[in-house]
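Read off the chains here:
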Amino acid sequence: MGITPKKNQSLRRKSDKPSGGQFGHKGKTLMQADTPDVVVDVDYTLDKCKDCGGDLGDVLKQLKEKRQVLDVDL
């Protein structure tokens, strides 16, 4: 029989490196697609400010965030 660790004990040894990505390591980022399959336009139209009740009819709307969902079929 070999060495069997206890139920909550790891066989990994302690390292002198900090956890996470190491200094100088080039990361990888998944870029957003130039031509997505589906675009969903979400329009949350507010007539009044939720805090002060002021009129928001003439306020210029700006894109706050953009997201991309990647579905992986296994």
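Everything below is about the structure printed above this text.
Residues numbered from 1 in each chain as written. Predicted model: local features only at pLDDT ≥ 70, side-chain atom pairs only at ≥ 80, totals over all residues. Heavy atoms only, no water.

Caption draft 1: Main features of the overall build of the chain. A tally of regular secondary structure across the chain gives zero helices and zero strands. Radius of gyration (C-alpha) of the chain: 25 Å, far over the 11 Å computed for a compact globule of 74 residues. Its C-alpha atoms give the chain principal-axis dimensions of about 75 × 35 × 30 Å. Evaluated residue by residue, the chain yields a buried proportion of 0% over its 74 residues. Side chains of the chain carry 14 positive and 12 negative charges; the gap between the two charge centres is 20 Å. (Helix = DSSP H or I, 4+ residues; strand = E, 2+ residues; numbered from the N terminus. Rg over C-alpha atoms; globule rule 2.2 N^0.38 Å. Buried < 20%, exposed > 50% of the residue type's maximum accessible area, 1.4 Å probe, protein only. Lys, Arg positive; Asp, Glu negative; His and termini not counted. Charge placed at Lys NZ, Arg CZ, Asp CG, Glu CD.)

Caption draft 2: Focus on the pattern of salt bridges. With the rule as written, the count across this model stands at one salt bridge. Across the salt bridge formed by Arg-67 and Glu-65, the nearest N and O atoms sit 2.8 Å from each other. (Salt bridge = Lys/Arg side-chain N within 4 Å of Asp/Glu carboxyl O.)

Caption draft 3: Main features of the state of the cysteines. By the definition in use, this model includes zero disulfides. Cys-52 carries a free sulfur, and the closest cysteine sulfur to it, the one in Cys-49, is 3.7 Å from it. When its relative accessible area of 64% is taken as the criterion, Cys-52 is described as exposed. (Disulfide = S-S within 2.5 Å.)

Caption draft 4: Inspection of a nonpolar patch on the surface at higher detail. On the surface, a nonpolar cluster with roughly 550 Å² of combined accessible area is contributed by Leu-30, Leu-70, Val-72 and Leu-74. Take Leu-70: its relative accessible area is 56%, and that puts it in the exposed class. (Patch = residues over 30% accessible without salt bridge, like charges linked within 9 Å, V, L, I, M, F, W, Y side chains within 5 Å. Areas by Shrake-Rupley, 256 points an atom, 1.4 Å probe, with all protein chains shown as cover.)

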